[in-house]
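Descriptive structure summary
This is what each chain is made of:
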Amino acid sequence: MGIMNHVIDYCDKFTTTKIKKHKPMQTVDIKVKMCCDGCERRVKSSVSGLKGVKSVEVNRKQSRVTVKGQVEPKKILEGVLETGKKAELWPYVPYNSVSYPYAAQAYDKKAPSGYVKNVPEAFASSDATEEQYTSLFSDENPNACSIM
């Protein structure tokens, strides 16, 4: 049996091929200024032609392009910039996911409805006292006061 294992291992060295690692499936959101149907078609066709792109959704009202696939955000951004349009990675987060949506840097009049800018000032810090007090008496906290 020992000799057979060595022979099998020796044969496997010549028959195995390298397996390519695939990039993980991800969603990339990009903010692109689009004014008409022509702009929308041009952006969509330039992005959908890139390698690894599975689907492209364009929302002209929000100036947003959502790309799903095995892609890198930098490559998608470069593909959109080749069309001559001004583009950047999606700088907004949903209004409900931040603690302080009206912080000076977070609130943006140009942001789509229901979104604020993704800045650290909009999120509560981990040492915030109000968060500590609310979690102190929470039912989900196993270390909460047992008298309650």
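Scroll up for the structure.
Here we summarise the structure given alongside this text. Because the structure is a prediction, the values reported are computed rather than measured.

Concerning the packing of aromatic side chains
A ring pair, where both rings are aromatic, is described by two values, the distance of the centres and the angle of the planes. For the structure on display, the rule yields 2 aromatic pairs. Plain terms: the ring middles of Trp 90 and Tyr 92 are 5.2 Å apart, the flat faces sit at 80° to each other, and that makes the pair edge-to-face. Of note, Arg 64 hangs over the ring of Trp 90, and the distance from its end group to the ring centre comes to 4.4 Å.

As for the environment of Ser 48
Tracing the sequence through the fold places Ser 48 in helix 2 (residues 37-48). Looking at Ser 48, the relative accessible area reads 42%, which means it is partly exposed. At 3.3 Å, the side chain of Ser 48 forms a polar contact with the backbone oxygen of Ser 45.

Describing the pairing of strand 2 (residues 53-59)
In terms of strand pairing, strand 2 meets strand 3 (residues 64-69) through 6 bridges, oriented antiparallel. Bridging across to strand 3, Ser 55 finds its partner in Lys 68. A loop of 4 residues connects strand 2 with strand 3, the two strands running antiparallel in sequence, and Ser 63 in this loop sits at a positive phi of about 55°.

Here we look at the sheet that holds strand 1 (residues 26-32)
In spatial order, the strands read 2-3-1-4; together these 4 strands make up an open sheet with antiparallel pairing. On the outer flanks of this sheet lie strand 2 and strand 4 (87-89), each paired with one strand and no other. Across the sheet, the mean angle separating the axes of adjacent strands is 25° when strand polarity is ignored. Where helix 2 meets the sheet, it contacts strand 1, strand 2 and strand 3, and its direction lies at approximately 165° from that of strand 2.

Quick word on the environment of Pro 91
Counting through the fold element by element, Pro 91 comes out in the loop between strand 4 and strand 5 (92-94). Leave out the neighbours within four places in its chain, and Pro 91 touches Lys 31, Val 116, Lys 117 and Asn 118.

Quick notes on the rules
- Residues take numbers from 1 onward in each chain, read along the sequence in its written order.
- Predicted model: local features are reported for residues with pLDDT of at least 70 only, side-chain atom pairs are reported and counted for 80 or more only, and whole-chain, interface and lining totals are derived from all residues.
- By convention in this description, side-chain values take in all heavy atoms of the structure and omit both hydrogens and water.
- In this scheme Phe, Tyr and Trp rings, the latter by its six-membered ring, pair at centre separations within 6.5 Å, and the angle between planes marks the pair as stacked below 30 degrees, edge-to-face above 60, and tilted otherwise.
- For a ring to carry a charge above it, either NZ of a lysine or CZ of an arginine must fall within 6 Å of the ring centroid while also lying within 35 degrees of the normal to the ring plane.
- The numbering of helices and of strands both runs from the N terminus, where a helix is a DSSP run of H or I of at least 4 residues and a strand a run of E of at least 2.
- Any residue under 20% of the maximum accessible area for its type is buried, any over 50% is exposed, and the rest in between are partly exposed; the area is computed with a 1.4 Å probe on protein chains only.
- Throughout this description, a polar contact denotes any pair of N or O atoms lying within 3.5 Å of each other; where both atoms belong to protein, one of them has to be capable of donating a hydrogen while the other can accept it, and for residues adjacent in sequence the pair is counted only when both atoms sit in side chains.
- The pairing criterion is simple: DSSP has to find at least two bridges between the two strands.
- Angles run from 0 to 180 degrees between N-to-C directions of axes, and those axes are lines fitted to C-alpha atoms, restricted for helices to the stretch in contact.
- Contact criterion: two residues are considered in contact whenever any of their non-hydrogen atoms come within 4.5 Å of each other.

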